[in-house]
Amino acid sequence: MSEDASLRFLAMLNRLWDARPFERKRTTRESVVVEGRRLTVSLMVQSVVAAKLVAVGDGIARGTGNLARFLFAWPSSTMGARAYREGDDQHPALAAWDSRLDELLRLPLPVEDQETMVLQPPVLRLGPAAFDVWRQLHDDVERELRAQGEFRDLCDFGAKTAEQAARIACVLHVFEHGPAGEISADAMLSGAMLSLWHLSEARRALSLV
């Protein structure tokens, strides 16, 4: 894509990530308005592709805050050590996992108008202890964004770490308890640990591309 096209596309992804409306105007067919939706993106790419994404438009993917919205992971290669292991699709843990996912997927969508299907998800709040965990994470990472801090070269990713932690904690809470109640300190602590791991993975990944 050209730099202008890349900028428009990345801006669209940012809007959808923030759950804001997006309008696609067309001249040859009906225009489309996307409203009340949520965007999930999962990408697995080779290192050469990741390098092109980081470099597109002289770095506009990072400059627009787009890459910082992703949870990076770059697992070490296991090639040469992948001996065959027989799977067990009847394992109790896998059965419990599948059963819980099935329960969640069968929950009715939180919409008021079945025609427009605009989503209106319930608001989950942090309990007092969970908020203390979140605030500590926020302040700890913020201090490391200073000129001599550990994450000084990852200001875009670091600035979103606390938000990512809250999002992850919310997912963990919903998986365990459903879309109701207050997020616990344990869920928030798990979200904090996972978001920090992804922050370190982003730093490592960006140093390799």
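To keep things clear, this report deals only with the structure shown in the data block. Everything numeric here is computed off the predicted structure, so don't read it as measured data. (Residues numbered from 1 in each chain as written. Predicted model: local features only at pLDDT ≥ 70, side-chain atom pairs only at ≥ 80, totals over all residues. Heavy atoms only, no water.)

**Points about the packing of aromatic side chains**
When we look at a pair of aromatic rings, we describe it by the centre distance and by the angle of the planes. Keep this limit in mind: Side-chain rings of Phe, Tyr and Trp (the six-membered ring for Trp) are treated as a pair once their centres are within 6.5 Å; stacked means planes under 30 degrees apart, edge-to-face means over 60, and tilted covers the remaining angles. In this description a helix means any DSSP run of H or I spanning at least four residues, a strand means any run of E spanning at least two, and both kinds are numbered starting from the N terminus. Any residue under 20% of the maximum accessible area for its type is buried, any over 50% is exposed, and the rest in between are partly exposed; the area is computed with a 1.4 Å probe on protein chains only.
Taken as a whole and assessed by the stated rule, the structure comprises three aromatic pairs. Their ring planes at 85° and their centres at 5.4 Å tell us that F72 and F157 sit as a pair that is edge-to-face. Placement of F72 in the loop between α3 (60-63) and α4 (92-105) and of F157 in helix α6 (residues 155-158) is noted, with a sequence separation of 85 residues between them. Residue classification places F72 among the buried residues on the basis of a relative accessible area of 18%. A centroid spacing of 5.9 Å and a plane angle of 25° characterise the contact between F131 and W134, whose relative ring orientation is stacked. In this pair, F131 and W134 both sit in helix α5 (residues 128-143), three residues apart, roughly one turn of the helix. On the basis of relative accessibility, which here comes to 38%, the residue F131 falls in the partly exposed class.

**Things to note about a nonpolar patch on the surface**
For clarity, the threshold we go by: Residues with no salt bridge and a relative accessible area higher than 30% make up the patches, which join like charges within 9 Å and nonpolar side chains (Val, Leu, Ile, Met, Phe, Trp, Tyr) within 5 Å. For every accessible area listed, the method is Shrake-Rupley and the probe measures 1.4 Å; residues are considered covered only by the protein chains on display. Each reported salt bridge corresponds to a side-chain nitrogen of Lys or Arg within 4 Å of a carboxyl oxygen of Asp or Glu.
On the surface, a nonpolar cluster with roughly 480 Å² of combined accessible area is contributed by L39, V41, L43, V45, V48 and V49. In this structure, V41 sits in the loop between β2 (32-34) and α2 (47-55).

**Section: the nonpolar core**
Applicable threshold: Note on terminology: a nonpolar core comprises buried Ala, Val, Leu, Ile, Met, Phe, Trp, Tyr and Cys residues joined through side-chain atoms within 4.5 Å. Note on definitions: a residue-residue contact is assigned when non-hydrogen atoms from the two residues lie within 4.5 Å.
If you look at the biggest cluster of nonpolar residues, it comprises 24 residues, and the most contacted ones within it are F72, F151, L154 and F157. Among the secondary structure elements, those contributing two or more residues to this core are α3, α5, α7 (161-177) and α8 (185-208). In terms of residue count, α8 provides more of this core than any other element does, seven residues in total. The contacts of F151, once residues within four sequence positions are left out, are V141, E144, L145, L199 and R203.

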